[in-house]
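# Coordinate inspection notes
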Amino acid sequence: MCGIVGYIGQREAEPILVEGLRRLEYRGYDSAGLATLSGAELHLRKQAGRIADLVRHLRDRPAAGCLGISHTRWATHGPATDRNAHPHVAGNGSIAIVHNGVIENYTNLKRQLQADGVVFATDTDTEVIAHLIDQHLQDDLVEAVRQVLPLLKGTYGLAVVSSRQPDVLVGARLGSPLVVGIGADEHLLASDPAALLGHTRNVVYLQDHQMCVLRADGWDLLDANHTRVAAAVQRIDWAPADADKGPYEHYMLKEIYEQPEALENAMRGRLADADASAHFGGLNLNARQLRRAERFVFTACGTSWHAALVGEYLFEELARIPVEVEYASEFRYRNAPMDRNTIVLAITQSGETADTLAALRESKRKGHHTLALCNVVGSTIAREADGGVYLHAGPEIGVASTKAFSNQVCVLAMLALYLGRMGHLSSIQGLRMLKEMRALPNAVRRALGCHDDVRRIAAKYQHVRNMLYLGRQYLFPVALEGALKLKEISYIHAEGYPAAEMKHGPIALVDENTPSVFLINAGGVVDKVLSNLEEIKARGGPVIAIAPEGDDELANQLHDRADDVLFVPQVPEYLQPLVSVAPLQLLAYHMALLRDCDVDKPRNLAKSVTVE
Ligand code: M6R
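Just so it is clear, the structure is predicted and the values come from calculations on it, not from any experiment. (Residues numbered from 1 in each chain as written. Predicted model: local features only at pLDDT ≥ 70, side-chain atom pairs only at ≥ 80, totals over all residues. Heavy atoms only, no water.)

## What about the domain arrangement of the chain?
On domain assignment, one finds that the chain holds domain 1 (3-243), domain 2 (245-438) and domain 3 (448-599). Computed over C-alpha atoms, the centres of domain 1 and domain 3 are 45 Å apart. (Domains from an automatic or database assignment.)

So, in structure tokens, the structure goes:
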């Protein structure tokens with residue numbers, strides 16, 4: 001949530017900051033701003049609204065200088081106004097700061113500062129940091145920031161500049177990511193490596209309690225005691241084009257269509273015919289330790305939690321290992337009894353979700369081996385887990401998660417195969433699964449061919465106020481995911497349920513204006529789902545069925561009963577979530593488009609939820 005970009009070097013900072021902010025706008029987009037320094041003059045420009053509004057403002061009032069910081073905001077304290085936009089200033093405009101995170105003790109700090117005569121100009125928690133730095137600043141900005149950090153309770157990723165020392169940019173991190181980009185005679189600071197694309201691929205990730213000091217010709221990393229620490233410079237392997245929309249109108253649509261290739265990338269080098277199994281480099285657990293695992297706890301939020309639910313079915317069916325799926329926000333505060341041989345697996349696209357990170361840390365503290373499935377390389381969760389698997393989905397920019405979900409499910413299926421092969425799965429079964437998984441990207445490619453039909457269905461139902469998504473077994477989590485996609489980008493109220501559960505309450509919602517999306521399994525419960533479908537039809541509810549192709553009898557029954565039917569390729573039941581989710585993503589996309597919603601930046605949301 002919120003994005004930070006800083007620059008110090010030989011070039012004008014403003015265009016570099018604006019370009020970086022554009023790349024981070026998906027992190028938060030209710031206001032934006034920047035501060036640059038030309039000599040000892042600080043230029044502050046900030047504006048409620050999107051980056052485009054800031055750019056218009058900069059056209060009238062450019063900000064000169066080769067040093068600057070910038071921010072795109074997702075409001076936590078105070079509404080999205082010009083005043084509350086970052087940067088925040090203190091010391092008569094001599095200090096400017098941008099901040100991600102939440103300062104939990106800001107009320108106390110504010111009261112103390114006000115008692116000292118400080119007058120506040122904003123409603124934000126961030127402004128207290130600016131005034132505290134001003135109070136501590138003698139002649140060394142780095143030292144002033146270092147003295148202020150221990151006074152702050154909560155989380156921060158921050159960047160500070162001062163006209164009193166216009167050759168240095170200071171950053172600090174606790175619980176909110178920051179990365180230094182290393183260039184030739186220039187350095188950048190960002191909350192997300194995507195902002196650095198096109199400038200440098202050499203980066204250093206800050207750890208919690210570290211500060212960075214950037215100059216045009218050098219950089220240092222300091223620990224809490226102000227001691228220089230060595231840092232590993234890493235290379236980012238994403239190309240700038242990966243983070244562009246290409247020919248697509250929206251990132252979400254691009255990412256939906258990238259799914260077949262993303263799945264290929266997730267499986268590349270991991271399917272091992274010789275063992276009839278899958279291989280992973282980074283689990284950091286040997287076969288003996290894995291065999292001893294008696295239980296897994298999967299912890300995640302949002303879409304990643306839905307992928308975890310699919311994973312529960314996969315692990316229990318294929319690996320015969322019990323799994324519990326926990327919302328990270330609940331799990332972190334629960335004191336659930338867990339025996340030693342329970343492995344905790346955090347599932348997260350961003351690797352920065354505050355609740356998932358806290359759940360992971362709590363599990364580590366209790367002595368559990370922790371694993372993570374992450375998409376963002378070098379993210380905090382990826383670094384803190386004892387081991388893990390990268391999703392290799394490429395950058396996901398659309399706030400609505402699509403390809404990350406598919407790759408999470410795919411990696412969970414490979415893990416289930418791997419664990420299954422250590423137990424009861426035969427090599428014949430393993431080889432069959434490898435073949436089925438290799439065929440998956442093409443099946444998803446074909447599933448995406450339903451685009452025009454989905455658009456037609458979306459046009460028919462674009463004005464409804466409620467929708468139900470119903471599925472059983474492997475398709476129950478997909479029903480939840482379809483409903484989440486719809487509500488988050490089209491603002492239509494939608495609920496996902498196990499199909500049989502709707503008789504226990506939700507069926508009361510059914511009328512001619514409440515369509516139900518039925519996800520039909522190919523497996524054993526198909527007749528049961530058809531009965532559930534009849535129950536909806538009997539009450540006048542329109543039905544959209546999504547069903548596997550190739551079964552004439554099923555097709556005939558559905559044509560008789562459902563208002564619209566979309567056929568997806570026939571795949572084994574455990575892979576059905578990956579083909580069935582595609583039409584649901586497209587349905588949400590088209591409904592949102594027809595309702596004039598901002599698909600990539602839905603209201604009130606941000607891509608990565610780094611506050612509790
Ligand atoms: O980065 P994470 O996977 O940890 O994010 C978890 C959720 O915030 C995320 O999946 C959210 O629900 C998406 N906006 C859903 O599309």
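Further notes follow.
## Considerations on the pattern of salt bridges
Applying the stated rule across the entire model yields 33 salt bridges. Note that aspartate 355 is salt-bridged to arginine 332, the shortest N-O span being 2.7 Å. You can see aspartate 355 sitting in helix α11 (residues 354-365) and its partner arginine 332 sitting in the loop between α10 (328-331) and β19 (342-348), a full 23 residues away along the chain. Taken individually, aspartate 355 and arginine 332 each receive the classification buried, so the pair is uniform in this respect. Bridged by salt links that share partners, the residues Arg173, Asp208, Arg361 and Glu384 form one connected network. (Salt bridge = Lys/Arg side-chain N within 4 Å of Asp/Glu carboxyl O. Helix = DSSP H or I, 4+ residues; strand = E, 2+ residues; numbered from the N terminus. Buried < 20%, exposed > 50% of the residue type's maximum accessible area, 1.4 Å probe, protein only.)

## Structural notes on the site of the ligand
Residues in close proximity to the ligand total 15 residues, the closest being Ser304, Gln349, Ser350, Thr353 and Glu488. In this structure, an oxygen atom belonging to the ligand sits 3.1 Å away from a main-chain N or O atom of threonine 303. Within the side chain of threonine 348, an N or O atom sits 2.7 Å from an oxygen atom of the ligand. Look at the ligand: alone it shows 410 Å² of surface, and the protein chains cover 91% of it. Elements with a minimum of two residues in the shell around the ligand: α9 (302-319) and α17 (476-490). Among the residues forming the shell around the ligand, the class breakdown is five nonpolar, eight polar and two charged. Taken domain by domain, the makeup of the shell around the ligand includes at least three residues from each of domain 2 (245-438) and domain 3 (448-599). (Near = heavy atom within 4 Å. Polar contact = N/O pair within 3.5 Å; in protein donor to acceptor, adjacent residues only side chain to side chain. Areas by Shrake-Rupley, 256 points an atom, 1.4 Å probe, with all protein chains shown as cover. Nonpolar A, V, L, I, M, F, W, Y, C, P; charged D, E, K, R; others polar.)

## Observations concerning the nonpolar core
In this structure, Phe296, Phe298, Leu314, Met467 and Tyr469 are the most contacted members of the largest nonpolar core, which totals 99 residues. Here the element with the most residues in this core is helix α13 (residues 403-422); it accounts for 13 residues. Residues lining this core come from more than one domain, with at least three contributed by each of domain 2 (245-438) and domain 3 (448-599). Apart from the residues lying within four places of it in its own chain, the contact partners of methionine 467 are Leu486, Ile492, His493, Ala494, Glu495, Thr514, Pro515, Val517, Ile544, Leu587 and Met591. Counting 32 residues, the second largest nonpolar core, distinct from the first, contains Ile97, Ile129, Leu137 and Val170. (Core = buried A, V, L, I, M, F, W, Y, C linked by side-chain atoms within 4.5 Å. Contact = heavy atoms within 4.5 Å.)

## Here we look at the pairing of β19
Counting buried positions over the seven residues of β19 gives seven, a clear majority of the element. Here β19 shows a buried face lined by Thr342, Val344, Ala346 and Thr348 and a second buried face lined by Ile343, Leu345 and Ile347. For strand β17 (residues 295-300) and β19, the ladder comprises five bridges, and the chain directions are parallel. Residue pairing across strands places arginine 295 opposite threonine 342, the latter belonging to β19. Pairing between β19 and strand β20 (residues 370-374): five bridges, direction parallel. Residue pairing across strands places leucine 345 opposite leucine 371, the latter belonging to β20. At this point the chain moves from β19, through α11, to the parallel β20, and the crossover so formed is right-handed. (Pairing = 2+ DSSP bridges. Right-handed = clockwise from strand over helix to strand, strands pointing away.)

## Description of the side chain of histidine 86
Mapped onto the secondary structure, histidine 86 falls in the loop between β4 (67-73) and β5 (88-90). Residue histidine 86 is classed as buried on the basis of its relative accessible area of 4%. A distance of 3.2 Å separates a polar side-chain atom of histidine 86 from the backbone nitrogen of histidine 99. Non-local contacts of histidine 86, meaning those with residues more than four positions away in its chain, are made with Ala32, Gly33, Leu34, Lys46, His71, Arg73, Val98, His99 and Thr126.

## A look at the sheet that holds β5
Sheet architecture is open: six strands sit in the order β5-β6-β7-β8-β12-β13, paired in antiparallel fashion. Of all the strands in the sheet, the pair left with one neighbour each is β5 and β13 (218-222). Along the sheet, successive strands turn relative to each other by an average axial angle of 20°, direction set aside. In this sheet, strand β6 (residues 95-100) lies alongside β5 in antiparallel orientation, the contact comprising three bridges. Its bridge partner lying in β6, valine 89 is registered against alanine 96. With respect to the sheet, helix α4 (residues 126-136) is in contact with β5, β6 and β7 (156-162), its orientation differing from that of β6 by roughly 140°. (Axes fitted to C-alpha atoms, helices over the stretch in contact; angles between N-to-C directions.)

## Remarks on the packing of aromatic side chains
Within this structure, the stated rule accounts for seven aromatic pairs. Here the aromatic rings of phenylalanine 280 and tyrosine 418 are separated by 5.7 Å at their centres, their planes lie at 75°, and the arrangement is edge-to-face. In this pair, phenylalanine 280 sits in the loop between β16 (277-278) and α8 (287-292) while tyrosine 418 sits in helix α13, placing the two residues 138 residues apart along the sequence. Taking the relative accessible area as the measure of exposure, phenylalanine 280 reaches 14% and is therefore buried. A ring pair is formed by phenylalanine 298 and phenylalanine 315, whose centres lie 5.0 Å apart and whose planes are at 90°; its orientation type is edge-to-face. In this pair, phenylalanine 298 sits in strand β17 while phenylalanine 315 sits in helix α9, placing the two residues 17 residues apart along the sequence. (Phe/Tyr/Trp six-rings, centres within 6.5 Å; stacked < 30°, edge-to-face > 60°.)

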